[in-house]
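Working through the structure, step by step
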Amino acid sequence: MSALDALYREIILDHYKSPRNRGRIDDPTIATQGNNPLCGDEIEVSLLIDQGRVADVRFQGVGCSISQASASMMTDSVKGKSIAEVLGLIQAFKDMMSAAAEPDPDTLGELEALAGVRQYPVRVKCASLAWTTLLEALDLLARAPSNA
Ligand code: ZN
């Protein structure tokens with residue numbers, strides 16, 4: 001294992017053992033659930049949107065270390081960002097997972113630690129679950145003008 005792989009592994013394990021933003025927002029602007037039946041991962045993402053920004057985001061769920069660590073890293077990455085920035089980040093993450101583009105460290109930050117998951121196609125769904133659930137929440141929000 002290279003030093004970089006070891007560092008990435010450590011970042012993922014740290015998020016799994018000490019998840020950030022875990023729980024549920026009391027009165028969320030929107031909350032969405034997602035699951036990955038292949039692995040049994042379940043995630044609920046709740047968002048508080050204020051003036052087009054993610055004022056707060058939390059997740060709860062059960063599942064493998066990759067799914068839960070990725071959810072924790074997702075919440076850390078999107079908190080405080082505008083919805084447009086979040087949509088850009090979701091796309092950058094998807095591109096990284098599908099190997100459509102080389103990871104952009106400036107955009108992805110520590111999320112790049114999840115790039116190694118690409119070697120394990122089954123795990124890509126685990127890593128992507130929180131992100132597809134987040135995207136679904138934002139899609140629902142976009143279709144509900146009263147909440148924007
Ligand atoms: Zn999983």
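Heads up: the structure comes first, above all this text.
A quick note: this is a predicted structure, and the numbers were derived from the prediction, not measured. (Residues numbered from 1 in each chain as written. Predicted model: local features only at pLDDT ≥ 70, side-chain atom pairs only at ≥ 80, totals over all residues. Heavy atoms only, no water.)

**Remarks on helix H3 (residues 83-97)**
Here H3 contains 15 residues, and its C-alpha end-to-end distance of 21 Å stays within 8% of the 21 Å for a straight helix at 1.5 Å per residue. Along H3, the positions that sit buried rather than exposed are Val 86, Leu 89, Ile 90, Phe 93, Met 96 and Met 97. An end-on view of H3 places all buried positions within 125° of arc, on one side of the element. Buried residues along H3 sit against strand S3 (53-62), helix H2 (65-78), helix H4 (105-108) and helix H5 (121-142). The first or second residue beyond H3 is Ala 99, which carries a positive phi of 60°. (Helix = DSSP H or I, 4+ residues; strand = E, 2+ residues; numbered from the N terminus. Expected span 1.5 Å × (residues − 1). Buried < 20%, exposed > 50% of the residue type's maximum accessible area, 1.4 Å probe, protein only. Arc of directions from axis to C-beta. Contact = heavy atoms within 4.5 Å.)

**So, the pairing of S3**
Direction of pairing for strand S2 (residues 41-50) relative to S3: antiparallel, over a ladder of nine bridges. Within S3, the position partnered with Ile 43 by the bridge is Gly 61. As consecutive antiparallel partners, S2 and S3 are separated by two residues, and within that stretch Gln 51 has a phi angle of approximately 50°, a positive value. (Pairing = 2+ DSSP bridges.)

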